[in-house]
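# A structural walkthrough
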Amino acid sequence: MGFKKFSLLLAGRLILIMLMLILLTYLITTPGFHAATLLAALVISFLTYEVLRFVSKTNAEISRFLEAARYADFSQRFNLHGLGAGFGELGDTFTDILGRFQAVRAGQEEELRHLKALVEHVPVPLLSLHGDGLVTIWNNAARRLFGSTHVNKLADLRQFGVEFEKEIVELAAGQRRLTAFRVDGTEQKLAVAATQIIIGGRAEKLVSLQDIQSELDLAQLQAWQDLVRVLTHEIMNSITPVASLAKTAVDLVEDAAGKVTDNPDVVDELGDVRDAVNTVARRSDALMQFVSSYRRLTRLPPPEKTLIRIDALFKDVCSLSTQSWEEKGITVVTEIEPSQLDVTADRDMIEQILINMLQNAEQALAGVEGATVWMAARLNRRGHVVIELSDNGPGVPAEIAKKIFVPFFTTKREGSGVGLALTRQVMIAHGGSVSLDEREGGGARFTLTF
């Protein structure tokens, strides 16, 4: 509306100038109108000046409007009502257009912030690989996965394992693979998938990294629990009547022996029978106790987590487990960094698995000169609490280390194969993990990661 009125006003001024020029021409050609000719010339000069001022002012405001639109300067206002007819509507139109631009820009920025927030809080780590070898980390999940390690280029991925770097580089768009990711001395399984996107004419590979180690651990644990539950149920159903009948048979043999005391041969034979039945009864009881110990694997209660000071935890565990270590020549060294480190966990569960691990270390160090056990707690590069228990014993052979957390597996003659399997289950219940590797300088090192 402002532009239309501006055009009408400009056309009116030009028509008026043309009429005055026609009048001036008439007056010049007609003798005797000198004063009127002069007056007409002055009027034409004034009208020409007015048109030039009108147009130049309009051009200046249009130029200011275009500059504001070009540089997204939405603070500009065009209040031109004081400049005469037509300018007010023109200024209102310019202001309205800039307001619409501002609303569109604000909507776009709000949508962009929303999309960034969604990507930032997606629980799956996301990163992009660019053609020039650079890497872009997109969200918090990816930053937590890599911890304090700066990942800016492909070569930075090598510190998480040569296999991991190779899989990421060779992964084609649309493919999905399972790869090993090693960080802080522990290995995790990641499901990686890739897709290709093109932005601004440049292609990049978007890679998602999903940590499925906890899911694998839970699935494996559930499978073992189901197996143990079935086995213990069937064994108990079978062995209970055997144990009961064996005890009854012992009583019957003793009664029979009392009735034939005058026949030494029969008494001797009954004695042999009694010994055999007693052996069956004892082994039945031992087997029932053995099976009962495995039921703990399927009846672990949910952890009751509280805030635990690790220095106090170490002190209590050592006082319960290392009273006789000095006599056996075993030294225990504790190290906590920072000294005020704490962890949220079930104290009774963690205390019990640490006691079991210290007992294992004591057995492994039998006969070792300068036997030492190190208990350390720290924060890893990803901010997780880590408790390490290591010794300078003979260590664990590689073929055994792969099976050491499997239920029923044990290398000890009197062992049940429950202790480390229960440790793994406790750590999974806490959302963490337990791992075994070789200590630098020899020996074994167990790592509890919360």
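These lines cover the structure that appears in this document, whether it is placed above or below. (Residues numbered from 1 in each chain as written. Predicted model: local features only at pLDDT ≥ 70, side-chain atom pairs only at ≥ 80, totals over all residues. Heavy atoms only, no water.)

What follows is about the pairing of strand β10 (residues 385-391). A regular strand places its side chains on the two faces of the sheet in alternate fashion. Burial runs high along β10: seven of the seven residues are buried. Burial along β10 is two-sided: Val385, Ile387, Leu389 and Asp391 facing one way and Val386, Glu388 and Ser390 facing the other are all buried. Relative to β10, strand β9 (residues 372-379) runs antiparallel, the two sharing seven bridges. Note that in β10 the partner of Met375 across the bridge is Leu389. Pairing of β10 with strand β12 (residues 444-449) involves five bridges; the strand directions are antiparallel. Each residue of the ladder has a partner; that of Ile387, found in β12, is Leu448. (Buried < 20%, exposed > 50% of the residue type's maximum accessible area, 1.4 Å probe, protein only. Helix = DSSP H or I, 4+ residues; strand = E, 2+ residues; numbered from the N terminus. Pairing = 2+ DSSP bridges.)

The next point concerns unusual backbone geometry. Among all residues save glycine, negative phi is the norm, and among peptide bonds the norm is trans. With an omega dihedral of 0°, the bond running from Glu337 to Pro338 counts as a cis peptide bond. Examined against the element boundaries, Pro338 turns out to sit in the loop between β7 (331-337) and β8 (342-345).

Before going further, it helps to examine the sheet that holds strand β11 (residues 433-438). Read across the sheet, five strands follow the order β7-β9-β10-β12-β11 without closing on themselves; strand pairing throughout is mixed. Two strands in the sheet have a free side with no partner beyond their single neighbour: β7 and β11. Going from strand to strand, the sheet's axes swing by 15° on average, the running direction of each strand aside. Along the sheet face, helix α8 (residues 310-321) touches β7, β9 and β10 and points at about 170° away from the line of β7. Strands β9, β10 and β12 of the sheet are contacted by helix α10 (residues 347-364), whose axis makes an angle of about 20° with β10. (Axes fitted to C-alpha atoms, helices over the stretch in contact; angles between N-to-C directions. Contact = heavy atoms within 4.5 Å.)

The tally for this structure, following the rule as stated, stands at eleven salt bridges. Residues Arg309 and Asp311 are paired through a salt bridge, measuring 2.7 Å at the closest nitrogen-oxygen approach. By relative accessible area, Arg309 is classed as partly exposed at 34%. Three or more residues joined by partner-sharing salt bridges are found here, namely Asp316, Arg347 and Glu351. (Salt bridge = Lys/Arg side-chain N within 4 Å of Asp/Glu carboxyl O.)

Below, the discussion takes up the environment of Ala281. For Ala281, the position within the fold is in helix α7 (residues 264-295). Expressed as a C-alpha distance, the spacing of Ala281 and Leu245, which sit 36 residues apart in the sequence, is 8.4 Å. Among residues more than four places away in sequence, those in contact with Ala281 are Ala246 and Lys247.

Of all hydrophobic cores here, the largest spans 39 residues; its most connected members are Ile310, Ile350, Leu448 and Phe450. Among the elements of the structure, α8, β8, α10, β9, β10, α12 (419-429), β11 and β12 are those that each provide at least two residues to this core. Counting residues per element, this core draws most heavily on α10, at eight residues. If you look at the next biggest cluster of nonpolar residues, it comprises 18 residues, including Leu145, Phe164, Ala194 and Leu209. (Core = buried A, V, L, I, M, F, W, Y, C linked by side-chain atoms within 4.5 Å.)

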